[in-house]
Amino acid sequence: MSELTPEEKRRIYEEEKERMKAQEKIKKKTKPATWGCLTIIIVIAIVWLAGVFSPSRKQVTSTRPTVQVKKAIPQITQKDEDLLRKLIESGLVEKINPRLNEVFVNPLIWASLKYDAKKDFAGFLAVYCGKKKGSGINRVDIKDSYSGKKLAKCSDLGFKVY
């Protein structure tokens, strides 16, 4: 065999160096995951639970009687019924199902409303459904009466148009 030239030796050296770097990368990627943080969290949770459920822990009882206060749920007024009747007569509301918190609207009229009007309309219907169910939870889904797609939702947490 013939002797390698210095240029060939340098090229072989560079190729071997790159191959070794690639093998190191592969080893680092396949390194098994450590349980460091998860182990610490589990140990802290076990210590805390042991402290909470420790038999030597004294339970503090209150001598003051507890009183449960029921939140008064407003009833539907004649004004609410009149406003809903007007919305139905105008053609905007086509069907309302307070038990399922659903209102089906005419999508053409809905599309012509501005955002603030939609928000006020949805707010009224959410409160109406809450009063009608007697749950005190004000929420409504407004749906397209043709396709059944959800157009908007309103609750105590806010209003969203889709």
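From a predicted model like this one, the values you see are computed outputs, not experimental measurements. (Residues numbered from 1 in each chain as written. Predicted model: local features only at pLDDT ≥ 70, side-chain atom pairs only at ≥ 80, totals over all residues. Heavy atoms only, no water.)

### Some points on the overall build of the protein
- Summing up its helical and strand segments, the protein has 5 helices and 5 strands in all.
- The secondary structure elements of the protein, listed N-terminal to C-terminal, are α-α-α-β-β-α-α-β-β-β.
- Partitioning the contacts of the protein with sequence separation of at least 6, the portion at a separation of at least 24 is 48%.
- When the accessible surface of the protein is totalled, it reaches about 13400 Å², and 60% of it is carbon and sulfur. (Helix = DSSP H or I, 4+ residues; strand = E, 2+ residues; numbered from the N terminus. Contact = heavy atoms within 4.5 Å. Areas by Shrake-Rupley, 256 points an atom, 1.4 Å probe, with all protein chains shown as cover.)

### So, the nonpolar core
- Core analysis: the biggest nonpolar cluster contains 20 residues, and Val105, Trp110, Phe121, Leu125, Val140 and Ile142 have the highest contact counts within it.
- When contributions to this core are tallied by element, the ones reaching two or more residues are helix 3 (78-90), strand 2 (102-105), helix 5 (115-133), strand 3 (139-144) and strand 4 (150-155).
- Apart from the residues within four sequence positions on either side, Ile142 is in contact with Val103, Val105, Trp110, Phe121, Ala122, Lys149, Lys150, Leu151 and Ala152. (Core = buried A, V, L, I, M, F, W, Y, C linked by side-chain atoms within 4.5 Å. Buried < 20%, exposed > 50% of the residue type's maximum accessible area, 1.4 Å probe, protein only.)

### Observations regarding the packing of helix 3 against helix 5
- Helix 5 packs onto helix 3 with a crossing angle of 125 degrees between their chain directions and a minimal axis gap of 11 Å. Classified by the angle their axes make, helix 3 and helix 5 are oblique. The chirality of how helix 3 crosses helix 5 is left-handed. Here Asp80, Glu81, Leu83, Leu84 and Leu87 of helix 3 come into contact with helix 5, specifically with Phe121, Phe124, Leu125, Tyr128, Lys131 and Lys132.
- For the contact of helix 3 with helix 5, the class distribution of residues is 7 nonpolar, no polar and 4 charged. (Axes fitted to C-alpha atoms, helices over the stretch in contact; angles between N-to-C directions. Parallel < 35°, antiparallel > 145°, perpendicular 65-115°, else oblique. Left-handed = near helix turned anticlockwise from the far one by under 90°. Nonpolar A, V, L, I, M, F, W, Y, C, P; charged D, E, K, R; others polar.)

### Digging into the pattern of salt bridges
- Taken as a whole and assessed by the stated rule, the structure comprises 10 salt bridges.
- Between Glu15 and Arg11 there is a salt bridge; the shortest N-O distance is 3.3 Å. Placement of the pair is Glu15 and Arg11 together in helix 1 (residues 6-29), with a separation of 4 residues, close to one helical turn.
- By relative accessible area, Arg11 is classed as partly exposed at 43%.
- Salt bridges sharing common partners tie together Asp82, Arg85 and Glu89. (Salt bridge = Lys/Arg side-chain N within 4 Å of Asp/Glu carboxyl O.)

### A look at helix 5
- In a regular helix each residue adds 1.5 Å, so 19 residues correspond to 27 Å; helix 5 covers 27 Å between its end C-alpha atoms and thus fits that length.
- Considered for burial, the residues of helix 5 that qualify are Lys118, Phe121, Ala122, Phe124, Leu125, Ala126, Tyr128, Cys129, Gly130 and Lys131.
- Gly134, located one to two residues past helix 5, shows a positive phi value of around 80 degrees. (Expected span 1.5 Å × (residues − 1).)

### Structural notes on the pairing of strand 2
- Burial along strand 2 is two-sided: the residues Glu102 and Phe104 and Val103 and Val105 are all buried.
- Note: strand 1 (residues 93-97) against strand 2, 4 bridges, orientation antiparallel. Counterpart to Lys95 in the pairing with strand 2 is Phe104.
- Remark: 4 residues form the turn of the hairpin made by strand 1 and strand 2, two consecutive strands paired antiparallel; Asn101 in that turn has positive phi of roughly 55 degrees.
- Sheet analysis places strand 2 next to strand 3, joined by 4 bridges and oriented parallel. Directly across from Val105, in strand 3, lies its bridge partner Asp144. (Pairing = 2+ DSSP bridges.)

### A short note on the side chain of Lys131
- Residue placement: Lys131 occurs in helix 5.
- Ignoring any residue separated from it by four or fewer positions in sequence, one finds Lys131 in contact with Pro74, Gln75, Ile76 and Asp80.

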